[in-house]
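For reference, the chains in residue letters:
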Amino acid sequence: MEKHDRRSSGGSAAGTIQPTALDIYSEVQRGAAFREVRRRYRRFAFPAAAAFLLWYLAYVVTAIAAPGLMARQVAGALNVAMVAGLAQFATTFLLTWAYARHARLHRDPAALELRWAVSLETRQDAAPVPVPAPAPVPGLPPARRAGAPALRPRGEHR
């Protein structure tokens with residue numbers, strides 16, 4: 001059972017049934033293309049998040065369980081704990097880069113294609129209705145221009 005909006009668009013005959021945006025988005029969500037985009041996301045995000053959390057927990061557990069190992073000097077005043085802590089930052093940046101690359105190569109093209117198809121289905125053929133400017137309110141100063149400094153009453157300073 002589908003719900004439809006019975007309004008006609010500008011270019012179609014009166015009384016034709018037009019699907020609502022909710023109908024279109026629900027249909028897209030049930031579609032194979034949407035499921036594929038979600039599958040590609042999950043296949044990268046869940047293992048990457050699990051690996052990073054395990055790496056972080058290993059760092060914390062090692063710091064608690066083996067303080068002697070973490071205090072071992074690597075070079076000068078640099079010890080194993082500091083190297084592992086800096087590696088956490090490096091891993092964060094590496095994971096961010098890998099996520100952006102994966103999205104750009106594997107998900108974005110399919111997602112953009114899906115977005116384009118949906119925008120074509122949901123667009124209105126009628127010309128957009130112009131929005132009138134708000135009427136000035138008596139007693140209030142006119143709206144200031146974008147980028148202009150705010151005016152303060154005399155004697156009021158920050």
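Because the structure is predicted, anything quoted here is derived from the model rather than measured. (Residues numbered from 1 in each chain as written. Predicted model: local features only at pLDDT ≥ 70, side-chain atom pairs only at ≥ 80, totals over all residues. Heavy atoms only, no water.)

Asks: Looking at this model, I keep getting lost on the UniProt feature "transmembrane region" (unreviewed entry) in the protein chain. Mind explaining?
Replies: Under the feature "transmembrane region" (unreviewed entry), the UniProt entry names residues 44–66 and 78–100. Taken end to end, residues 44–66 comprises 96% helix and 0% strand; its first and last C-alpha atoms sit 32 Å apart. Along residues 78–100 one finds 91% helix and 9% strand; the C-alpha atoms at either end are 32 Å apart. (UniProt positions renumbered as here; feature names shortened; annotations may be inferred. Helix = DSSP H or I, 4+ residues; strand = E, 2+ residues; numbered from the N terminus.)

Asks: What's the story with the pattern of salt bridges in this structure? I'm lost.
Replies: If charged atoms from side chains of opposite charge come close, those side chains can pair. Tallied over the full model, the rule gives two salt bridges. We note a salt bridge from glutamate 36 to arginine 39, for which the minimum N-O separation is 2.5 Å. Separated by three residues within a single helix, glutamate 36 and arginine 39 lie in helix 2 (residues 32–65), roughly one turn from each other. Since its relative accessible area comes to 33%, arginine 39 is described here as partly exposed. Its relative accessible area of 25% is what places glutamate 36 among the partly exposed residues. Three or more residues joined by partner-sharing salt bridges are found here, namely Glu36, Arg39 and Arg40. (Salt bridge = Lys/Arg side-chain N within 4 Å of Asp/Glu carboxyl O. Buried < 20%, exposed > 50% of the residue type's maximum accessible area, 1.4 Å probe, protein only.)

Asks: It is not clear to me how a nonpolar patch on the surface should be interpreted in this structure. Could you clarify?
Replies: Residues Val74, Leu78, Met82, Val83, Leu86, Phe89 and Phe93 make up a contiguous nonpolar surface patch of roughly 700 Å² in combined accessible area. When residues in the nonpolar patch are grouped by element, the largest group, five residues, is from helix 4 (residues 80–122). Relative to the helices and strands, valine 83 is located in helix 4. Since its relative accessible area comes to 35%, valine 83 is described here as partly exposed. (Patch = residues over 30% accessible without salt bridge, like charges linked within 9 Å, V, L, I, M, F, W, Y side chains within 5 Å. Areas by Shrake-Rupley, 256 points an atom, 1.4 Å probe, with all protein chains shown as cover.)

Asks: Where do I start with the packing of aromatic side chains in this structure?
Replies: Aromatic ring pairs are described here by two measures, namely the spacing of the ring centres and the angle between the planes. Tallied over the entire structure, the rule returns one aromatic pair. Between phenylalanine 44 and tyrosine 99, the aromatic rings sit 6.0 Å apart at their centres with planes inclined by 50°, giving tilted as the arrangement. Pair noted here: phenylalanine 44 is in helix 2 and tyrosine 99 is in helix 4, with a separation of 55 residues, a long-range link. (Phe/Tyr/Trp six-rings, centres within 6.5 Å; stacked < 30°, edge-to-face > 60°.)

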